[in-house]
Amino acid sequence: MLEALENSALAAWVRESPSIFSYTLVLSLHAIGLAIVLGTSTLIALRLLGVAPAIPIESLRRLQGFIWFGFVINLLSGLLLFIAEATKMAPMPAFLIKMSFVVIGMSLGQVIRKKVLEDKAALATNVLPASARSLAVVSLICWAVTLISGRLTGYPELVSGMLGL
Amino acid sequence: MLEHISAALTLAPIQRLVNGHAWFWPLCETIHYVGMSLLVGIIGVLDLRILGLFRSMPIGALKPLVPLAMAAFIGNLITGIFFVTGTDSGASFYIENLSFQLKLAVLLVALINLIIFRLTGLEEAVYATPAGADAPYRAKVIAVVSLVAWTFTIVFGRLLMYNDTLLLFLGL
């Protein structure tokens, strides 16, 4: 099935078209999307850790919308990048770790929304519940793992060496 | 002239560091991406607020995060210097690369834009903007320039390894 995806006309276009609007545009969008997701998630985590306390909790909910915007850009660009090299990416440990942690990271965002950003007492007083700090730290670690494993998908030999494969 | 600049910027000790440790380059890349993400998350959000998004935020609330954005920029400057001075094939790979030249050009635009933001006093006016209120009109121009310049910094950075595609697109 991976080969079928890789041999599809769409995958071939992404991979082989000399146009700047194919592979290079998709790569650019993926970099922008990840910067939005990671950067905004970090901003929210920092606020939950007490940095920039004047940022209203209400604003953080809006910022999560921006994260979803970045996530959708990366989902779409990521799918195109994946099918272009499906047989290479799918078995890669770094890629599988990255995908797992993207899911964890976005899920954690939902937990943060329910437990912190929609907490009525927090919204009224701008004072955060106790769970906010730990959620923020886990979030930062999670996105750090995503970033590092994402980068390492470009270095399969380095990863194999590190894992002793 | 470019050859002279390239020769001056190729630093053997950094090249040895890059060649001697396989993890060094990906580490620098990771730091570079962290810096990029912090810049987008902080300055990008600030620019969008100036343009009217996230209005529930008093703009001054973002001020404590700006030094972190500056630190992120410096981190990227340092890792960027490691890339240029330490790459195997010598600095000419970057110096003679149109994508890299354009990246530096738009980066310069972003920095000049920031200087104007500060020197005109617009920065103070922006930070004084309360929740629900509009930033000054001239600040919105600064914000658009900032967003476009930083976006293209990322794009040209991505195109570095695909410079031929850029040249083809520009008919060069």
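See the structure printed just above.
Examining unusual backbone geometry
Next up, step 1: Positive phi, normally seen in glycine, also occurs at A:Ala52, with a value near 50 degrees.
Next up, step 2: By the element assignment, A:Ala52 lies in the loop between helix 3 (23–48) and helix 4 (57–84).
Next up, step 3: Of note in this structure, B:Phe54 is not a glycine but carries a positive phi near 55 degrees.
Next up, step 4: Among the secondary structure elements, B:Phe54 is positioned in the loop between helix 3 (24–50) and helix 4 (66–86).
Next up, step 5: Among the residues examined, B:Phe54 registers a relative accessible area of 9% and is labelled buried.

Regarding the environment of A:Phe101
Next up, step 1: Summarising the element assignment, A:Phe101 is placed in helix 6 (residues 93–117).
Next up, step 2: When residues no more than four places from it in sequence are discounted, the contact partners of A:Phe101 are A:Cys142, A:Val145 and A:Thr146.

Focus: the packing of aromatic side chains
Next up, step 1: Per the stated rule, a full pass over the model turns up 13 aromatic pairs over all chains.
Next up, step 2: Here the aromatic rings of A:Phe82 and A:Phe95 are separated by 5.4 Å at their centres, their planes lie at 15 degrees, and the arrangement is stacked. Of the two residues, A:Phe82 sits in helix 4 while A:Phe95 sits in helix 6, which places them 13 residues apart along the sequence. The same class applies to A:Phe82 and to A:Phe95, which are both buried.
Next up, step 3: Plain terms: the ring middles of B:Phe152 and B:Phe156 are 5.8 Å apart, the flat faces sit at 40 degrees to each other, and that makes the pair tilted. Of the two residues, B:Phe152 and B:Phe156 are both situated in helix 8 (residues 137–159); the distance of four residues between them amounts to about one turn of the helix.
Next up, step 4: When its relative accessible area of 12% is taken as the criterion, B:Phe156 is described as buried.

So, the nonpolar core
Next up, step 1: Within the largest apolar cluster, 73 residues are counted, with the highest numbers of intra-cluster contacts made by A:Leu48, A:Ile55, B:Val45, B:Ile50, B:Leu62 and B:Leu65.
Next up, step 2: When residues in this core are grouped by element, the largest group, 12 residues, is from helix 3 of chain A.
Next up, step 3: Excluding anything up to four places from it in sequence, B:Val45 contacts A:Leu43, A:Leu63, A:Phe66, B:Val40, B:Phe54, B:Met57 and B:Leu62.
Next up, step 4: If you look at the next biggest cluster of nonpolar residues, it comprises 16 residues, including A:Tyr155, B:Phe83, B:Tyr94 and B:Leu160.

Reading the values: rules and limits
- Residues numbered from 1 in each chain as written.
- Chains lettered and ligands numbered in written order.
- Predicted model: local features only at pLDDT ≥ 70, side-chain atom pairs only at ≥ 80, totals over all residues.
- Heavy atoms only, no water.
- Helix = DSSP H or I, 4+ residues; strand = E, 2+ residues; numbered from the N terminus.
- Buried < 20%, exposed > 50% of the residue type's maximum accessible area, 1.4 Å probe, protein only.
- Contact = heavy atoms within 4.5 Å.
- Phe/Tyr/Trp six-rings, centres within 6.5 Å; stacked < 30°, edge-to-face > 60°.
- Core = buried A, V, L, I, M, F, W, Y, C linked by side-chain atoms within 4.5 Å.

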